[in-house]
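Residue-level structure breakdown
Here are the chains, one letter per residue:
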2 protein chains.
Amino acid sequence: MTQFDFGTLKSRYTSFLSRRDAAKELVKFWDNPPGPGVIELAGGMPNAGFFPIDSIDLHVVSHPFEKNHGKNGLKVHMDKQEPKDMPLSMSLQYTNTEGMGPLVSFAKKMIERINPPAYGGWNVCMANGSSDAMYKVFEVLCDEDSTVMLEEFTFSPVISNIKLQGASVVPVKMQLSADPEQQGIDVDRLADLLDNWSVGPYKHLNKPKALYTVATGQNPTGMTLSPTKRRRIYEIAQKHDFLIVEDDPYGYLFFPPYNPKEPMNNAYWDDKSLTVQKYVDDYLVKSFLTIDTDARVIRLETFSKLYAPGLRLSFVVANEFLIERIFNMSEVTTRAPSGVSQALVYGVVKEMGKKYSSESEPSLDSMVTGWMEWPMKVAGYYTHRRNVAFKALYETEGYSKGLYQVMEPSAGMFIDLKPCWPQNELSRPDHYDLIIEKMDKLNQTLLKTGVQVVLGYRMAVDVKASKDTCDFVRITIAYANDDQQIVEACHRIGKGFEAYFSHI
Amino acid sequence: MTQFDFGTLKSRYTSFLSRRDAAKELVKFWDNPPGPGVIELAGGMPNAGFFPIDSIDLHVVSHPFEKNHGKNGLKVHMDKQEPKDMPLSMSLQYTNTEGMGPLVSFAKKMIERINPPAYGGWNVCMANGSSDAMYKVFEVLCDEDSTVMLEEFTFSPVISNIKLQGASVVPVKMQLSADPEQQGIDVDRLADLLDNWSVGPYKHLNKPKALYTVATGQNPTGMTLSPTKRRRIYEIAQKHDFLIVEDDPYGYLFFPPYNPKEPMNNAYWDDKSLTVQKYVDDYLVKSFLTIDTDARVIRLETFSKLYAPGLRLSFVVANEFLIERIFNMSEVTTRAPSGVSQALVYGVVKEMGKKYSSESEPSLDSMVTGWMEWPMKVAGYYTHRRNVAFKALYETEGYSKGLYQVMEPSAGMFIDLKPCWPQNELSRPDHYDLIIEKMDKLNQTLLKTGVQVVLGYRMAVDVKASKDTCDFVRITIAYANDDQQIVEACHRIGKGFEAYFSHI
């Protein structure tokens, strides 16, 4: 494994910086903390005695949707002395911009254990949720003449984000397939696009600096790139020298295969031999980091989907040089993420770690194991919801009549449904030219039957370039209150498709 | 009072936007929330049942530095249903980018009660601390050819912030005086600078778009602009058409005058007739907002100094059009501030409001009154610390020997000390050319006697332009553990000055 030093990374990756970032200078107006015995009268930090909060008690449930209001769960006590390594006197204070020490160490240990990078010389920086992180990443990388590739359907705010830099976005064709080996970015077309850039449709743009990808449980398609595809994409990144920005909010929410004969099978609940280690080793798909021999991958990870979006807490993993640039952006913008959010996460993972530790102060390893039990439980509930939704979608009359197809996702929160257009529609030469009007009409009909969905074309990087594949709707299993509501919604979807197709 | 509508504000203030901001387009991929009865399957929001936190209990002290660990204080309980208008199921969820409704209403009521703008058509947007807010403000306003004026000594990160936009900073001369009428920006010189811009030292730059000022308890000087000076500066802003960015982290920490004969007098503690209303009406200096007939003031207010910096929670007040632009910046960067931080503030202000309310759900007015008691208490402790520090600084041998002067601040956390150079030093023509070396040497000596301070020149916008006034050191009374430590530090400062002057 190559160990990169900072100087090597700097000389290797400086050319990827935006001119604006490269020109950045930071003004620092005081020196490092004084030595022992010196009274600190420098920084404008209020003494912790000025904070109105004396202590915080958290009540933690033992599994999602616990009915008895956390009575079986953990209790976490935090005050100005506790937890020892990250008490409230620290987390309510101005804190390190890169995140508080113990939490950063925890995040590093998570990466080492679950997705160890294939090189040495990487680092971690906390951010205020992945939206904030991706803004900083693209601010560091992009100028007006930069190009970034994205999956043709994607988390739309990232498009605003890249365009805010004045940079250009280029969609990359995807395969929308139930076959795990086929899912996601069409690697041959990606290779072709880049090999023939100078004669292709984007020849007026510079070659891409980066590929942004939601590699697992992609939003909106639910597709997951197989390890083989990841390796091929990485080789293309090496050949054409671009960075890979891997946004992974859904990676821990992996779905075991769906069995239509036993729709309620759920390996998370049925497999009594399931352990955190097995979940990590056998269920989760490995990050691009694990094949990143060149230090060209920037991974975005978040606590939003596994803990709570309201934390606005996430972290970035990348080579030390790029992490320093992202850190510098934070220094002049947000500074540290909320210390309260950090305290809520650290307090809880530490308490969860005690189960796996014989010491009163659990090791980082125990904390990672303790914490990973929670995403595993959450993934179990998502798998259950996936089962409920699939079963309900497959039992409607609309489905029996062949009016829509379910694009089975491999992970995450989303299920996409594709209308099955009748042959006479498909054979009209203007069918896909009118696709937006048709999808809008479908949307209206679905709203009338009582479900709100997201239209695929609204999440297209370039609707024209994706006009023949953008005819799907995205639904989420994340927000419903219970199984019954999922079933009801799916049945309404079936009715909606019936109503729509009866009028065309 | 003029009521501005959005269109008027837009046509009036669009010319202040940076080109980058003006070009910004936001991609929105779903419609507004569905009507009643429609099942929401659109947004990627996890159900609150997936959040591991069941409930949070906060223990709040009744006054700063309370010894019995909050036993007399309030207890705030929050769970997925409580507080009714902003329960954890909301604050742990994705929330409105501009801040959560109840907290935004509270902030608006604070402004209405304490610093009502002199026009109608203003709004409020939450941000992740004032560093984040000012980044967004300058991102919205500044291009590479923009100019921003700042007090010649200022909170240095704001310089990085403006320079990050490629814009230029111009220092504005200050009067460093103990006379409240004289303190802060030298208004005559400001008028002169602008009236004669085209022949002045900055004629190569565009005329300024904005003045950034810490108008009360300025950092680092502790100076406060008098109401008369504020009115004159506002007239200059009207004449030369620039915006005023008023950063006010210290405004609530106002100091009553110091009485050298009764150094421990403290109106906050001694005046038994003191009420929140009296504190607001008679103690606090009114914001530029209160004279802002044109809607040209952007006010930054923060919970960092009054509640806790670790919250990373602040808000911006400005006209609706500019607030929309700042909001748009948040939409593509940070999105909402931490919902946990918002919950901690709202839960506490609501509980504090109950004291002033006969209802179980206190009104916004009661909440503002209840909350303002806390800054009033904090200001009392800061005044006490100011007294302790002044007394200690004035009783040293160094002071008796006339080696330094105390620049008495009117508010805030900082006290500046100026060396009294002997006549033979002052009369050397190169005295001020060598000032940095001298101040660095003083700093080394102070470190040796055991205190760390901030050097004034490090906080100068342009050291050369301020070389004859930058010879001060800033100390803070905010961070010390207790009176004894403040006394010890001040005594060491006296010794440090003695040691320094004995060697020059």
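Bear in mind the structure is a predicted one, so any value in this text is a computation, not a measurement.

Turning our eyes to something else, we now look at the interface of chain B and chain A. Accessible area lost upon the coming together of the parts serves often as the stated size of an interface. The partner chain A presents 108 residues to the 108 residues of chain B that form the contact. The junction of chain B with chain A conceals about 9500 Å² of combined surface from both sides, 60% of it contributed by carbon and sulfur atoms. For the pair chain B and chain A, the number of links is two salt bridges. For the pair chain B and chain A, the interface holds 47 residue pairs in polar contact (both at pLDDT 80 or more). Residue classes in the side of chain B that touches chain A are distributed as 58 nonpolar, 31 polar and 19 charged.

For the rest of this paragraph, the subject is the relation of the copies chain B and chain A. Its rotation angle being 180°, the transformation that places chain B on chain A also includes 0.0 Å of axial translation and leaves an RMSD of 0.0 Å. The relationship between the two copies is best expressed as a two-fold rotation axis. When each C-alpha of chain B is compared by its distance to the rotation axis, B:Asp57 comes out closest, at 2.5 Å. Take the interface residues of chain B: 100% of them recur as interface residues in chain A, which is what a same-surface contact looks like.

Residue and element names in this part refer to chain A. Cis peptide bonds are those with omega within 30 degrees of zero, and the linkage from Glu-82 to Pro-83 qualifies with -10°. Along the polypeptide, Pro-83 turns up in the loop between strand E4 (75–79) and helix H3 (88–91). Backbone geometry at Arg-335 places phi at a positive 55°, although glycine is not the residue there. Relative to the helices and strands, Arg-335 is located in the loop between helix H11 (320–332) and helix H12 (339–353).

All names here are of chain B. Given a rise of 1.5 Å per residue, 12 residues ought to cover 16 Å, and the 16 Å separating the end C-alpha atoms of helix H5 (residues 130–141) matches this to within 8%. For H5, the tally of buried residues reaches 12 of 12 residues, placing the bulk of the element in the interior. Within H5, the full set of buried residues consists of Ser-130, Ser-131, Asp-132, Ala-133, Met-134, Tyr-135, Lys-136, Val-137, Phe-138, Glu-139, Val-140 and Leu-141.

Examined at the domain level, chain A breaks down into domain 1 (2–29 + 97–338), domain 2 (51–93) and domain 3 (381–502). Here the C-alpha centre of domain 3 of chain A lies 41 Å away from the C-alpha centre of domain 2 of chain A.

Residues and elements named next belong to chain B. Within the element layout of this structure, Val-187 appears in helix H7 (residues 187–195). The buried category is assigned to Val-187, whose relative accessible area is 3%. Considering only alpha carbons, one finds Val-187 and Ile-233, 46 residues apart in sequence, at a separation of 6.6 Å. In this structure Val-187 touches Lys-229, Arg-232, Ile-233 and Ile-236, once residues within four positions along its chain are discounted.

Turning to the UniProt feature "domain: Aminotransferase class I/classII large" (unreviewed entry) in chain A, a few remarks are in order. UniProt annotation of "domain: Aminotransferase class I/classII large" (unreviewed entry) refers to residues 123–493 of chain A when read in the numbering used here. Helix makes up 40% of residues 123–493 of chain A and strand 16%, whereas the separation of the span's terminal C-alpha atoms amounts to 45 Å.

Reading across the sheet, the four strands line up as E4(A)-E3(A)-E3(B)-E4(B) and stay open at both edges, with antiparallel pairing between neighbours. What marks the edges here is a single partner per strand, and that holds for E4 of chain A together with strand E4 (75–79) of chain B. Within this sheet the neighbouring strands show an average axis-to-axis angle of 15°, counted without direction. Examined bridge by bridge, strand E3 (residues 53–60) of chain A and E4(A) share five bridges and lie antiparallel to one another. The residue bridging A:Ser55 from the neighbouring strand is A:Asp79, located in E4(A). Contacts from H12(A) reach E3 and E4 of chain A together with strand E3 (53–60) of chain B, with the element oriented near 130° to E4(A). Sheet strands touched by helix H12 (residues 339–353) of chain B: E3 of chain A together with E3 and E4 of chain B. Its angle to E4(B), the strand with the most contacts, is close to 130°.

Our focus in this paragraph is the pairing of strand E13 (residues 297–302) of chain B. All names here are of chain B. Burial of E13 is extensive: six of the six residues sit out of reach of the surface. Neither face of E13 is exposed, since Val-297, Arg-299 and Glu-301 on one face and Ile-298, Leu-300 and Thr-302 on the opposite face are all buried. Sheet topology places strand E12 (residues 243–247) next to E13; four bridges connect them, and they run parallel. When the sheet's bridge partners are listed, Glu-246 is paired in E13 with Arg-299. As paired strands, E13 and strand E14 (residues 314–319) are joined by four bridges and run antiparallel to one another. In the strand pairing of E14, Thr-302 is matched with Ser-314.

Moving on to the packing of helix H1 (residues 6–13) of chain B against helix H11 (residues 320–332) of chain B. Residues and elements named next belong to chain B. The contact between H1 and H11 brings their axes to 8 Å, and the two run at 75°. Between H1 and H11, the angle falls in the class roughly perpendicular. Residues Phe-6, Leu-9, Lys-10 and Tyr-13 of H1 pack against Glu-320, Phe-321 and Glu-324 of H11. Of the residues belonging to the contact of H1 with H11, the class tally is four nonpolar, no polar and three charged.

Scoring rules and cut-offs
- Residues numbered from 1 in each chain as written.
- Chains lettered and ligands numbered in written order.
- Predicted model: local features only at pLDDT ≥ 70, side-chain atom pairs only at ≥ 80, totals over all residues.
- Heavy atoms only, no water.
- Contact = heavy atoms within 4.5 Å.
- Buried area = accessible area lost by both parts, 1.4 Å probe.
- Salt bridge = Lys/Arg side-chain N within 4 Å of Asp/Glu carboxyl O.
- Polar contact = N/O pair within 3.5 Å; in protein donor to acceptor, adjacent residues only side chain to side chain.
- Nonpolar A, V, L, I, M, F, W, Y, C, P; charged D, E, K, R; others polar.
- Least-squares fit on C-alpha atoms with pLDDT ≥ 70 in both.
- Helix = DSSP H or I, 4+ residues; strand = E, 2+ residues; numbered from the N terminus.
- Expected span 1.5 Å × (residues − 1).
- Buried < 20%, exposed > 50% of the residue type's maximum accessible area, 1.4 Å probe, protein only.
- Domains from an automatic or database assignment.
- UniProt positions renumbered as here; feature names shortened; annotations may be inferred.
- Pairing = 2+ DSSP bridges.
- Axes fitted to C-alpha atoms, helices over the stretch in contact; angles between N-to-C directions.
- Parallel < 35°, antiparallel > 145°, perpendicular 65-115°, else oblique.

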